[in-house]
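In case you want the letters, here they are:
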Amino acid sequence: MSVATALADPFSQPFMANALLAGTAIAAACGIVGYFLVLRAQVFTADALSHVAFTGVLAALALGWDLRLGLFGATVAGALLLGALGRTGRADDVVIGSVFSWVLGLGVFFLTLYTTSRSAHGNAGVSVLFGSIFGLTADRARTAALIAGGVCLLLLLVARPLLFASLDEAVAAARGVPVRLLGFAFLALVGVATAEATQAVGALLLLGLLAAPAGAAQRLTDRPYRALALSCALAVTEMWAGLALSYAVPGLPPSFAILAAATAVYAATFVVRPPRRRAHHRPAPPPTRRLEERPARQAPGEP
């Protein structure tokens, strides 16, 4: 078999083509969303929403609803709830921890209800936990790509004010930036991205796809827009690498392969991290010179 045939073989498989289409768009959205999560110190929010996603799916299964309705409805509603309970649309650790524990309890309730009343589709909950990107149909892959592309577009449209509000919230509010509204809009997009990433790597592992590329990008550059582009590029590359590795090794789950690639890249940044630029300050004059230049004090009564 020639090299060209070997490279073209994965694209001839419908399941691989669907996974590449949906995975590329989902990874790009996770890279952009993840950068702002890391920049705003809201990574724990994504962890909480991963459990919200699983609870939403269990609720949909127990009630006989469409899984995507429970998935997207729960994550977006959960994200907005976190923003409403937090300050200026940004939830703190206490709020996230409280909602986190409540959601886990609710998930146990729906799991019990689902297993005792509707056990015909037992694999659905497992696929949400660990992802099923190779099981996406062509229609679902196109829908996932369109939704993820919309998330990327909306985030790029608000990137400048969101970046301003993330770096200096007080100054941004003083300059007329709607900080609270931006916080809610960003959290809603985080909820959508979380629901999309659940289809690729599962609810248990999606935090790695959101945090690892962004964390690596922040370690490699200090410039925000360059880091944003690098985070997106790293996430897409890691998605491709994971899918290729899982295709080459059939027994390897794609979610594990994707997260293994993301973890390897992040670990590599500790070795190849470029040196930080040091600011050059003008040396201060020696103390003796400053004392000589200081005018002498006049004694009281002297002219």
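Refer to the preceding data block for the structure.
Residues numbered from 1 in each chain as written. Predicted model: local features only at pLDDT ≥ 70, side-chain atom pairs only at ≥ 80, totals over all residues. Heavy atoms only, no water.

Participant: Please clarify how the nonpolar core should be interpreted in this entry.
Facilitator: In globular proteins that are soluble, nonpolar side chains generally tend to be buried together. Membership of the largest hydrophobic core comes to 75 residues, with the highest contact counts inside it found for Ile 26, Val 33, Phe 36, Leu 155, Met 239 and Leu 243. Top element by residues in this core is helix H2 (residues 14-39). It accounts for 16 residues. In contact with Phe 36, not counting residues within four places along its chain, are Ala 159, Leu 162, Leu 163, Ser 166, Phe 186 and Leu 228. Counting residues in hydrophobic clusters, the runner-up holds five residues, among them Ala 165, Val 177, Val 179 and Leu 182. (Core = buried A, V, L, I, M, F, W, Y, C linked by side-chain atoms within 4.5 Å. Buried < 20%, exposed > 50% of the residue type's maximum accessible area, 1.4 Å probe, protein only. Helix = DSSP H or I, 4+ residues; strand = E, 2+ residues; numbered from the N terminus. Contact = heavy atoms within 4.5 Å.)

Participant: So what exactly am I meant to see when it comes to helix H13 (residues 254-272) here?
Facilitator: Relative to the 27 Å expected for 19 residues at 1.5 Å per residue, H13 spans 27 Å between its end C-alpha atoms, a close match to the ideal helical length. Looking only at H13, the buried set comprises Pro 254, Ser 255, Ala 257, Ile 258, Leu 259, Ala 261, Ala 262 and Thr 269. (Expected span 1.5 Å × (residues − 1).)

Participant: Would you take a moment to explain a nonpolar patch on the surface for this structure?
Facilitator: On the surface, a nonpolar cluster with roughly 510 Å² of combined accessible area is contributed by Leu 63, Trp 65, Leu 69, Phe 109 and Leu 113. Take Leu 69: it is sitting in helix H4 (residues 67-85). Given a relative accessible area of 53%, Leu 69 falls into the exposed group. (Patch = residues over 30% accessible without salt bridge, like charges linked within 9 Å, V, L, I, M, F, W, Y side chains within 5 Å. Areas by Shrake-Rupley, 256 points an atom, 1.4 Å probe, with all protein chains shown as cover. Salt bridge = Lys/Arg side-chain N within 4 Å of Asp/Glu carboxyl O.)

Participant: Help me understand unusual backbone geometry in this model?
Facilitator: Negative phi values dominate among residues other than glycine, just as trans dominates among peptide bonds. Phi angles above zero are rare outside glycine, and Ala 41 is one such case at about 55 degrees. Taking the relative accessible area as the measure of exposure, Ala 41 reaches 66% and is therefore exposed.

Participant: Explain the pattern of salt bridges here, please?
Facilitator: Side chains that carry opposite charge are capable of pairing whenever their charged atoms lie near each other. Overall, the coordinates contain two salt bridges when judged by the stated rule. Residue Arg 68 is joined to Asp 66 by a salt bridge in which the shortest nitrogen-to-oxygen separation is 3.5 Å. The residue Asp 139 makes a salt bridge to Arg 142 at a minimum N-O spacing of 2.4 Å. Placement of the pair is Asp 139 and Arg 142 together in helix H7 (residues 138-157), with a separation of three residues, close to one helical turn. Classification of Asp 139 by relative accessible area gives exposed; the value is 51%. Residue Arg 142 is classed as partly exposed on the basis of its relative accessible area of 44%.

Participant: How should H4 be read in this particular structure?
Facilitator: In an α-helix, one turn spans 3.6 residues; hence positions three or four apart end up facing the same way. Here H4 contains 19 residues, and its C-alpha end-to-end distance of 27 Å stays within 8% of the 27 Å for a straight helix at 1.5 Å per residue. For H4, the full list of buried residues reads Gly 70, Leu 71, Phe 72, Thr 75, Gly 78, Ala 79, Leu 82 and Gly 83. Here H4 starts with a cap whose side-chain oxygen sits 2.9 Å from the backbone nitrogen of Arg 68, and that cap is Asp 66. (Polar contact = N/O pair within 3.5 Å; in protein donor to acceptor, adjacent residues only side chain to side chain.)

Participant: Is there a simple way to think about the packing of aromatic side chains in this case?
Facilitator: Think of a pair of aromatic rings as described by two things: how far the centres are apart, and how the planes are tilted against each other in angle. On inspection of all chains with the given rule, the structure shows six aromatic pairs. Centre to centre, the rings of Phe 36 and Phe 186 are 6.2 Å apart; their planes meet at 70 degrees, and the pair counts as edge-to-face. Residue Phe 36 is located in helix H2, and its partner Phe 186 is located in helix H10 (residues 179-201); the two are separated by 150 residues in the primary sequence. Residue class for Phe 36 comes out buried when judged on its relative accessible area of 2%. Take Phe 186: its relative accessible area is 2%, and that puts it in the buried class. With a centroid separation of 5.4 Å and 85 degrees between ring planes, the pair formed by Tyr 266 and Phe 270 is classed as edge-to-face. With Tyr 266 and Phe 270 both in helix H13, this residue pair falls four residues apart, about one helical turn. By way of ring pairs, the aromatic residues Phe 15, Phe 134 and Tyr 247 are connected into one cluster. Against the face of Phe 270 rests Arg 219, its NZ or CZ located 3.8 Å from the ring centre. (Phe/Tyr/Trp six-rings, centres within 6.5 Å; stacked < 30°, edge-to-face > 60°. Lys NZ or Arg CZ within 6 Å of the ring centre and 35° of its normal.)

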